[in-house]
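Okay, here's what each chain looks like letter by letter:
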Amino acid sequence: MTEENQPNIVVIGGGTGMPVLLRGLKQLPVHLTALVTVSDDGGSTGRIRNDMAIPAPGDIRNVIAALSDAEPMLLELFQHRFANGDGLIGHSMGNLLLAAMTSITGNFNTGIKEISRVFNVRGKVYPISTENLTLHAEMEDGSIIIGESNIPLANKRIKRVFLSPDEINPLPNAIRAIEKADLIVVSPGSLYTSILPNMIIPKIDEAIRSSNGKVVYVCNVMTQAGETTSYTASEHVQAIIDHVGEGCMDSIIVHNEPIQKTVRDIYAEENAEPVIYDTDRLLEMGIRIIEGDIINYDQTTIRHDTNKIAKLLLSMLNE
């Protein structure tokens, strides 16, 4: 396959789930684009946002690291977090580099592009918007919680999430990538605070619904306390449809093996449990189900198996 004929895969997301997918996909003969959330407001990212009024760099940093072919030591430097130092403690070196490059180039997206070049990134990395966004959640009891990091802490059922300011412009490159995509992959991750903030941006939601490419959601394996407590797979999908609109999803990838009891017990301490795959309801919704043994155990945590997911996604393209 010549490079011009390679299919276009767009991955939408943020948090810890997205880099896992990208590490596998970057090995494939595809044109890869990552559209990354920028509404995070915790830790080093939150401090940089407040000090410099730029979009959140943290998820972008992790995506650049996942797609980079740089020397291991350079990557270690990029992901280094300062453990001490007045004003530096808690900051990640990569976040500071992204902030510095934004300052040098005068533009967050240009800053990402330059850092991507330095770190020999395979594929394109775009922030979903270059504006300083704040995430809000309306809870089922009617209360409004402001700030991405505060939403799970409220420990209430979420009715919907929305962004401020009201007038948000998506990155034009992000829209174009979705329009050209043969496959749009919604990554696993925090449903309301990492995934949906990308998909609810005006024109992005429209582009996903009207895309000619297939849209596949890689479903979370475990629920998340304060966000998706006791959610089934179909409830994850329903939340996405409620926010993005009918016709925004074609298929779902689910893990179909039992989770080891020792790992389940560790997650139970954080009020997390395996997501139940209610296949009948998913089929009623018109969602195609792709299932397999697609996880790895990383000591006490569960991660999607980057290579197995990449193979599944490639097989979807080849159908």
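Located above this text is the structure these notes cover.
A quick note: this is a predicted structure, and the numbers were derived from the prediction, not measured.

1. Observations concerning the environment of Ile290
The residue Ile290 is located in strand 10 (residues 288–292) in this model. Each residue touching Ile290, except ones within four places of it in the same chain, is listed here: Ser251, Ile252, Ile253, Val254, Leu312 and Met316.

2. Concerning helix 7 (residues 172–180)
Every buried residue belonging to helix 7 is among Ala174, Ile175, Ala177 and Ile178, and all of these are buried. For helix 7, the arc enclosing every buried residue in end-on projection is 160°, short of the 170-degree limit, so these residues lie on one face. Those residues of helix 7 hidden inside the fold are in contact with strand 1 (8–13), strand 2 (31–36), strand 3 (124–127), strand 7 (183–186) and helix 9 (204–210).

3. A closer look at the packing of helix 5 (residues 93–105) against helix 6 (residues 108–118)
Contact pair helix 5 / helix 6: the axes reach a minimum separation of 8 Å and the direction vectors enclose 120°. Classified by chirality, the crossing of helix 6 by helix 5 is right-handed. For the pair helix 5 and helix 6, the contacting residues are Leu97, Leu98, Met101, Thr102 and Thr105 in the first and Phe108, Thr110, Gly111, Ile112, Glu114 and Ile115 in the second. Across the contact of helix 5 with helix 6, the residue classes tally to 6 nonpolar, 4 polar and 1 charged.

4. Some points on the environment of Met199
The residue Met199 is located in helix 8 (residues 191–199) in this model. For the pair formed by Met199 and Ile240, sequence separation is 41 residues and the distance between their alpha carbons is 8.3 Å. Those residues in contact with Met199, other than ones at most four positions away along the chain, are Ile12, Val186, Ile204, Asp205, Ile208, Ile240 and Val244.

5. Some details on the pattern of salt bridges
Enumeration according to the criterion identifies 11 salt bridges in this entry. In this structure, Glu235 and Arg157 form a salt bridge, with 3.8 Å as the shortest nitrogen-oxygen distance. Here Arg157 lies in the loop between strand 5 (144–146) and strand 6 (158–164) and Glu235 lies in helix 10 (residues 233–244), a separation of 78 residues in the sequence. Looking at Glu235, the relative accessible area reads 29%, which means it is partly exposed. Here the salt bridges do not stand alone but share partners, grouping Lys26, Asp69 and Arg122 into one network.

Here is what the cut-offs are and how they apply
- Residues numbered from 1 in each chain as written.
- Predicted model: local features only at pLDDT ≥ 70, side-chain atom pairs only at ≥ 80, totals over all residues.
- Heavy atoms only, no water.
- Helix = DSSP H or I, 4+ residues; strand = E, 2+ residues; numbered from the N terminus.
- Contact = heavy atoms within 4.5 Å.
- Buried < 20%, exposed > 50% of the residue type's maximum accessible area, 1.4 Å probe, protein only.
- Arc of directions from axis to C-beta.
- Axes fitted to C-alpha atoms, helices over the stretch in contact; angles between N-to-C directions.
- Left-handed = near helix turned anticlockwise from the far one by under 90°.
- Nonpolar A, V, L, I, M, F, W, Y, C, P; charged D, E, K, R; others polar.
- Salt bridge = Lys/Arg side-chain N within 4 Å of Asp/Glu carboxyl O.

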